[in-house]
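Tertiary structure, described
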Amino acid sequence: MSGGLEFDEETSRKVEALYLTPDVVEQRCQVLKALQLREGERILDIGSGPGLLAYDMAASVGPDGRVCGIDISDDMLAMSRKRCANRPWAEFLRAEATKLPYPDDDFDAAVSTQVYEYVADIPAALAELYRVTRPGGRVVALDTDYDSLVIYTGDQPRMERVLSAWDEHFVHGGLPRTLSGQLRDAGFTIRQRDVIPMFNPEYHDNTYARRMLAIMASFVVGRRGVSQEEANAWLAEFSELGKQGKFFFSLNRYLFVADKVAVT
Ligand SMILES: C[S@@+](CC[C@H](N)C(=O)[O-])C[C@H]1O[C@@H](n2cnc3c(N)ncnc32)[C@H](O)[C@@H]1O
């Protein structure tokens, strides 16, 4: 992730707030539905971040189950441990998606939401995902395709400069369009694919769009020639468009459910 988005304390807090908006709460409901968790199951959460999904999954598997979250950010790990303190069957370790600290066939299900777009070596990460999932187990992966961003602006050249600087925040901006093939190459059988739009045609405070645009405005400063003033002006336009009833934002996330088919 060098040069990309650093999930330090400040960014982790912003991501947590973003992920508490109703848009992302709804996404988590869809991820949980896709996972079809049962009591007593052993679940891996790769890139567990602020622990919001792990917290919900811990409720689904109950104290006879186990939720293991891994992340490379100590600030995110601290947040998830605090969040799940009253569900001690959820535990969190510092580890890389490409080097999972678990034995083969260890989990009934594994999930990774909004993480693989930051991981350089996707074949290595999916090989690890396959290795630690038990035969008959299932996995859920969710990522954004940033080319799906549709946003209204009166200053397209400025928008293009800012979005080009934002490109530096991920490794794979269009991962979903290759993920079916990459999951199959890793050995999985695809069962389900869905698109989850983050659609905000209003500029309200507690929305994905508003919080995401603020994160983007902070990130782009000093990258590809974008100054603080330009980032401020870019962000201020959305507030103005909101007042005029002209704000429009849509960005797609894609959800994949795949099985590690048991060989009989
Ligand atoms: C955008 S957050 C998503 C958090 C969480 N999965 C969710 O959806 O709420 C991305 C997380 O992936 C973690 N991450 C990034 N690269 C990683 C890697 N190579 N291995 C493990 N975690 C990683 C980051 O530290 C961060 O916590």
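Residues numbered from 1 in each chain as written. Predicted model: local features only at pLDDT ≥ 70, side-chain atom pairs only at ≥ 80, totals over all residues. Heavy atoms only, no water.

As annotated in an unreviewed UniProt entry, the protein carries the name Methyltransferase domain-containing protein and comes from Mesorhizobium onobrychidis.

1. Thoughts on the packing of helix α8 (residues 208-220) against helix α9 (residues 228-243)
Between α8 and α9, the least distance of the axes is 9 Å, while the angle of their chain directions is 165°. Considering the angle they form, α8 stands roughly antiparallel to α9. As for the relative orientation of α8 and α9, their crossing is right-handed in sense. Residues L213, A214, M216, A217 and V220 of α8 form the contact with α9, whose participating residues are A231, W234, L235 and F238. Taken together, the residues that form the contact of α8 with α9 break down as nine nonpolar, no polar and no charged. (Axes fitted to C-alpha atoms, helices over the stretch in contact; angles between N-to-C directions. Helix = DSSP H or I, 4+ residues; strand = E, 2+ residues; numbered from the N terminus. Parallel < 35°, antiparallel > 145°, perpendicular 65-115°, else oblique. Left-handed = near helix turned anticlockwise from the far one by under 90°. Contact = heavy atoms within 4.5 Å. Nonpolar A, V, L, I, M, F, W, Y, C, P; charged D, E, K, R; others polar.)

2. Quick notes on the layout of surface pockets
Approximately 660 Å³ is the volume found for the largest pocket. F7, G47, Q114, V115 and Y118 are, among the 41 residues lining the largest pocket, the residues nearest its centre. Looking at the lining of the largest pocket, the elements with two or more residues in it are α1 (9-18), α2 (22-35), β1 (42-46), α3 (52-61), β2 (66-71) and α8. Counted by class, the lining of the largest pocket contains 25 nonpolar, nine polar and seven charged residues. Each pocket or cavity is described by its volume, and for the second largest pocket that value is around 170 Å³. Considering the residues around the second largest pocket, the lining is formed by G4, L5, E6, E10, T11, K14, I215, S218, F219 and R223. (1 Å grid on protein atoms, 1.4 Å probe; cavity = no way out; pocket = protein on both sides within 12 Å on 5 of 7 lines; lining within 4 Å. Points joined across faces, edges and corners; volume = space filled by probe spheres on them.)

3. Some words on helix α6 (residues 156-166)
Listed in full, the buried residues belonging to α6 are R158, M159, V162, A165 and W166. Each buried residue of α6 sits inside an arc of 130° when the element is viewed along its axis, so together they form one side. Buried positions along α6 lie against β5 (133-151), α8 and α9. Its side-chain oxygen placed 3.1 Å from the backbone nitrogen of R158, D155 serves as the N-cap of α6. (Buried < 20%, exposed > 50% of the residue type's maximum accessible area, 1.4 Å probe, protein only. Arc of directions from axis to C-beta. Polar contact = N/O pair within 3.5 Å; in protein donor to acceptor, adjacent residues only side chain to side chain.)

4. Structural notes on the sheet that holds strand β4 (residues 107-113)
Across the sheet, seven strands lie side by side as β3-β2-β1-β4-β5-β7-β6; this open sheet has mixed pairing. The open sheet has two edge strands with one neighbour each: β3 (90-94) and β6 (189-200). On average, adjacent strands in this sheet sit at an angle of 15° to one another, irrespective of strand direction. Pairing between β4 and β5: six bridges, direction parallel. Bridging from a neighbouring strand, V111 pairs with V140 of β5. Against the sheet, α2 makes contact with β4, β5, β6 and β7 (249-259), and its axis sits at roughly 170° relative to β6, the strand it touches most. (Pairing = 2+ DSSP bridges.)

5. Focus: the nonpolar core
Membership of the largest hydrophobic core comes to 60 residues, with the highest contact counts inside it found for W166, L213, F238 and F249. Examining the composition of this core, we find that nine residues originate from one element, α8, more than from any other. What W166 contacts, discounting residues up to four positions off in sequence, is Y146, M212, I215, M216, F219 and V220. The next biggest cluster of nonpolar side chains, apart from the first, holds 28 residues, and it includes L100, L129, V139 and I190. (Core = buried A, V, L, I, M, F, W, Y, C linked by side-chain atoms within 4.5 Å.)

6. Thoughts on the pattern of salt bridges
The tally for this structure, following the rule as stated, stands at 23 salt bridges. D108 serves as the salt-bridge partner of R134, at 2.7 Å between the closest nitrogen and oxygen. Of this pair, R134 sits in strand β5 while D108 is found in strand β4, placing the two residues 26 residues apart along the sequence. Between D147 and R177 there is a salt bridge whose closest N-O contact spans 3.0 Å. Of the two residues, D147 is situated in strand β5 and R177 in helix α7 (residues 176-185); the sequence distance between them amounts to 30 residues. Of the residues examined, D147 reaches a relative accessible area of 63% and is grouped as exposed. Overlapping salt bridges, with partners in common, bring together R38, E41 and R138 in one network. (Salt bridge = Lys/Arg side-chain N within 4 Å of Asp/Glu carboxyl O.)

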